[in-house]
Amino acid sequence: MAGITPKENFLKLAHGGHPEYVPVFTMMGTPYLGEVADVMMVPPLYDSTQFVDGGTDMWGVKYIAAEGTARATMPDTGIVLLPEIEDWSKVLKFPKANEFDWEKTYEKQLNDFHIDRERSAVKVGPGLMPFQELVALMGFEGGLTALYTDPDEVKAMLNAMVDHIEPYFEKMLDVYKPDIWSLGDDTCAKTTPFFSPAIYEDVFLPIYKRLTRPAVERGIPVAFHICGKIDEFTDYMVDFGVQITDPIQEINSVPRLKERYKGKMSFCGGWEWALHMPGDYPNYDEEALRQSVRDIIDKNAPGGAYAFYHSGLVSYFGDPVIEEVKRIVRDEAHWYGRKVYGYTGD
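None of these values were measured; they are calculated from a predicted model.

Conventions adopted
- Residues numbered from 1 in each chain as written.
- Predicted model: local features only at pLDDT ≥ 70, side-chain atom pairs only at ≥ 80, totals over all residues.
- Heavy atoms only, no water.
- Axes fitted to C-alpha atoms, helices over the stretch in contact; angles between N-to-C directions.
- Helix = DSSP H or I, 4+ residues; strand = E, 2+ residues; numbered from the N terminus.
- Left-handed = near helix turned anticlockwise from the far one by under 90°.
- Contact = heavy atoms within 4.5 Å.
- Disulfide = S-S within 2.5 Å.
- Buried < 20%, exposed > 50% of the residue type's maximum accessible area, 1.4 Å probe, protein only.
- Pairing = 2+ DSSP bridges.
- Right-handed = clockwise from strand over helix to strand, strands pointing away.

### Re the packing of helix α7 (residues 169-176) against helix α8 (residues 197-218)
Two packed helices can be described by the angle between their axes and the distance between those axes.
Then, number 1: Running from amino to carboxyl end, α7 crosses α8 at an angle of 40 degrees, the nearest separation of the two axes being 10 Å. The way α7 lies across α8 gives a crossing that is right-handed. Between α7 and α8, the contacting residues are F169, E170, L173 and D174 on the first element and R210, L211, P214, A215 and R218 on the second.

What follows is the structure in structure tokens.
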């Protein structure tokens with residue numbers, strides 16, 4: 001098919017479909033050579049500054065920006081807002097939503113971020129990561145302990161959070177008319193989940209179903225972000241409507257997952273900077289970088305249901321080399337991804 005747009009090509013991944021060329025997933029919408037397959041739009045529903053050099057999220061968790069993560073933010077581990085889960089109703093903040101003109105705000109965001117809806121798939125989502133918010137409020141040890149000792153209180157808190165934001169889902173869907181409903185939750189470490197499938201099914205699966213139901217009912221593809229070794233949770237993901245998932249770190253076997261969920265789910269990722277970063281970085285071999293991209297695409301692309309994504313390609317703040325490394329990796333993925341299926345539309 002000649003002349004397919006990046007959006008059309010990316011949306012072929014829904015239901016585990018076969019694109020015309022290997023898409024490059026962007027998470028937030030960083031273009032390359034004028035192409036961006038998918039871009040996130042965020043309605044300003046609540047005041048939140050956690051992604052702008054620190055601040056607090058909508059539930060009151062303080063975030064800090066670290067030099068070693070290129071100013072990416074994370075919860076301040078020195079502050080535990082919720083030492084005991086049974087106190088959640090006394091501690092948790094339920095912020096008042098901002099008042100704004102939805103239609104005008106949507107149009108302004110389109111213009112401000114130069115989003116071409118004909119060429120880029122737009123993602124919006126509920127903005128709640130249940131497990132990550134639990135451990136942000138309680139600390140990692142506290143959150144995991146609460147899941148084992150008092151799961152009913154955890155469920156009560158998470159359902160109260162969804163109760164608070166759920167009334168706005170339909171408005172987001174009506175005004176933004178997203179191509180993809182996007183959410184996520186990092187419930188897995190690199191080699192194993194943080195908790196058992198039984199806890200996932202009891203505590204989190206019902207919450208995820210609430211977060212995805214409005215999109216599923218409208219037939220909008222659901223994308224889900226989950227890091228780490230995800231095998232034990234993927235059946236549940238299909239159950240609550242996930243059709244596209246990222247970032248699929250190399251610990252996972254993409255070919256095996258594709259065979260297991262053929263016609264149901266596609267996978268974005270497969271390349272990790274941590275595994276390909278030279279030991280003497282900032283020195284690097286450009287051809288070795290490009291070959292690593294080709295190897296990953298050759299491994300994961302056959303049969304479709306796959307988009308390339310460079311997971312974890314960050315460095316310390318002010319690193320003068322990392323942007324060129326990103327360009328090389330994205331450049332190889334862009335052009336080589338067109339070769340593997342014989343695409344001739346450019």
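### Brief notes about the state of the cysteines
Then, number 1: Following the criterion strictly, the structure yields zero disulfides and no others.
Then, number 2: C227 provides the cysteine sulfur closest to C188, a residue in no disulfide bond, and the two sulfurs are 9.1 Å apart.
Then, number 3: Taking the relative accessible area as the measure of exposure, C188 reaches 5% and is therefore buried.
Then, number 4: You can see C268 has no disulfide; the closest cysteine sulfur is in C227, sitting 13 Å from it.

### Overview of the pairing of strand β7 (residues 222-226)
Then, number 1: Most of β7 sits inside the fold, with five of its five residues counted as buried.
Then, number 2: Across four bridges, the pairing between strand β6 (residues 180-184) and β7 is parallel. Bridging from a neighbouring strand, S182 pairs with A223 of β7.
Then, number 3: Assessed by its sense of winding, the connection that carries the chain from β6 through α8 to β7 is right-handed.
Then, number 4: One ladder, built from five bridges, connects β7 with strand β8 (residues 242-247); its direction is parallel.

### A look at the sheet that holds strand β4 (residues 73-75)
Then, number 1: The three strands are arranged β2-β3-β4 in an open sheet whose pairing can be described as antiparallel. The strands lining the two open edges of the sheet, one partner per strand, are β2 (55-56) and β4.
Then, number 2: Both strand β3 (residues 62-65) and β4 contribute to a ladder of three bridges, which runs antiparallel. Note that in β4 the partner of Y63 across the bridge is P75.

### Regarding the sheet that holds strand β9 (residues 266-272)
Then, number 1: Pairing is parallel in the open sheet, where seven strands are placed in the order β1-β5-β6-β7-β8-β9-β10. Looking along the sheet, the strands with just one partner apiece sit at the ends: β1 (38-40) and β10 (306-311). Adjacent strand axes in the sheet meet at a mean angle of 30 degrees, parallel and antiparallel pairs treated alike.
Then, number 2: Set on the sheet, α8 makes contact with β6 and β7; between it and β6 the angle comes to about 170 degrees.
Then, number 3: Its contacts with the sheet put helix α12 (residues 286-300) on β9 and β10, and the angle it makes with β9 is roughly 150 degrees.

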